Amino acid sequence: MQRRPRGLNAGLMLLLSQIFHVGINNIPPVTLATLAVNIWFFLSPLKPLYSSCLSVEKCYLEKDWQRLLLSPFHHADDWHLYFNMVSMLWKGIHLERRLGSRWFAYVITTFSLLTGVVYLFLEFALAECMGEPSFKRSCAVGFSGVLFALKVLNNHYCPGGFVTVLGFPVPNKFACWAELVAIHLISPGTSFAGHLAGILVGLMYTHGPLKKIMETCAGIFSSNNGYTGQQYYFNNSGYSGSQDYYPYARPRYQEDASRNYDAYTGGLSEEEQLERALRDSLWDRGNGRSTPPSYGFQLTPEEEMRRMRLHRFDRQ
């Protein structure tokens, strides 16, 4: 194992301050473990960067397949580590609490391997199509490809809203593409193919067969080990006593929820639901009393009529 030379790593120190600011107890376990593994390999890399980075020449032609495992968890310098891990911290907290710790660990492992495979395919295709063998020698390292795949997932689960990229508002569903271009305008030396590979892997999960394949493999594994399929999917409501998330639903929860959402909410927006709940509360407090509701609530005649209409509607 190689020791990184000692010195002031401002990016690493800033990353640690961010982690402690959020609070270790507030970071889900798989996200925290991913941060710890990347920091550990930065401080004590298994191999030098040139022996860990991923390229067609080294991995495919020379059959050095261990680079698929090593390259995502090694970083060029402390600032490379900082920007990747701060992004992982934010995405991991949101996605792990949504998907559950076990499934999120499965996603991280699959994405780490698959982004490398797709990167090799892209570089090989570019070298063959453009007749430029330098693409086969292009060597990439870092967790960025996995982060772009996770960004696709996060935008898929939270499609609304906008993000600002280079000062321009961009819809969430196009944010990963805008950031792909922006990063390479700002820092041309970064791996365009590596980041693009991450986006493609994310799309394979959200719009392609990857999620179904992963669910099938998880089902085979669970049946061979005596587990029920339910154990692979967890809730985002918080930790249980066993440090896992309780079942949020079956694997296809998101698709089922979208179909049943209108039936559950009566077609009302979030603001309309809140307003309706408040009026129901006021009706309960004022029902059977001639005095105004407590806590200073006083309905105008128009609100009173609307409340009565709403009450009649509820009784029908």
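Keep in mind it's a predicted model, so treat the numbers as computed, not measured.

**A short note on the environment of Asn-26**
Summarising the element assignment, Asn-26 is placed in the loop between helix H1 (10–22) and helix H2 (29–43). What makes Asn-26 partly exposed here is its relative accessible area of 42%. Through-space distance from the C-alpha of Asn-26 to that of Ile-93 is 8.4 Å; in sequence the pair is 67 residues apart. Those residues in contact with Asn-26 that sit more than four places away from it in its chain are Ile-93 and Arg-97. Polar contacts involving the side chain of Asn-26 include one to the main-chain carbonyl oxygen of Val-22, which spans 2.8 Å.

**A short note on helix H6 (residues 78–99)**
With 22 residues, H6 extends 30 Å from end C-alpha to end C-alpha; this agrees with the ideal 32 Å at 1.5 Å per step. When the local axis directions of H6 are compared, the greatest deviation, roughly 30°, occurs at Gly-92. At the N-terminal end of H6, a side-chain oxygen is found 3.1 Å from the backbone nitrogen of Trp-79, two or three residues along, and the residue is Asp-77. In the stretch just after H6, Gly-100 is the one whose phi turns positive, near 95°.

**A word on the environment of Glu-215**
With respect to the helices, strands and loops of the structure, Glu-215 is situated in helix H12 (residues 210–224). Along the backbone, Glu-215 and Trp-103 are 112 residues apart, and their C-alpha atoms lie at a distance of 9.5 Å.

**Quick word on the UniProt feature "transmembrane region" (unreviewed entry) in the protein chain**
Residues annotated by UniProt as "transmembrane region" (unreviewed entry) correspond here to residues 12–42, 103–126, 138–157 and 177–205. Split by type, residues 103–126 is 100% helix and 0% strand. Its first and last C-alpha atoms lie 34 Å apart. Between the end C-alpha atoms of residues 177–205 there is a gap of 16 Å, over a span that is 83% helix and 0% strand.

Conventions and cut-offs
- Residues numbered from 1 in each chain as written.
- Predicted model: local features only at pLDDT ≥ 70, side-chain atom pairs only at ≥ 80, totals over all residues.
- Heavy atoms only, no water.
- Helix = DSSP H or I, 4+ residues; strand = E, 2+ residues; numbered from the N terminus.
- Buried < 20%, exposed > 50% of the residue type's maximum accessible area, 1.4 Å probe, protein only.
- Contact = heavy atoms within 4.5 Å.
- Polar contact = N/O pair within 3.5 Å; in protein donor to acceptor, adjacent residues only side chain to side chain.
- Expected span 1.5 Å × (residues − 1).
- Bend = angle between axes of the 7 residues up to and from the residue.
- UniProt positions renumbered as here; feature names shortened; annotations may be inferred.

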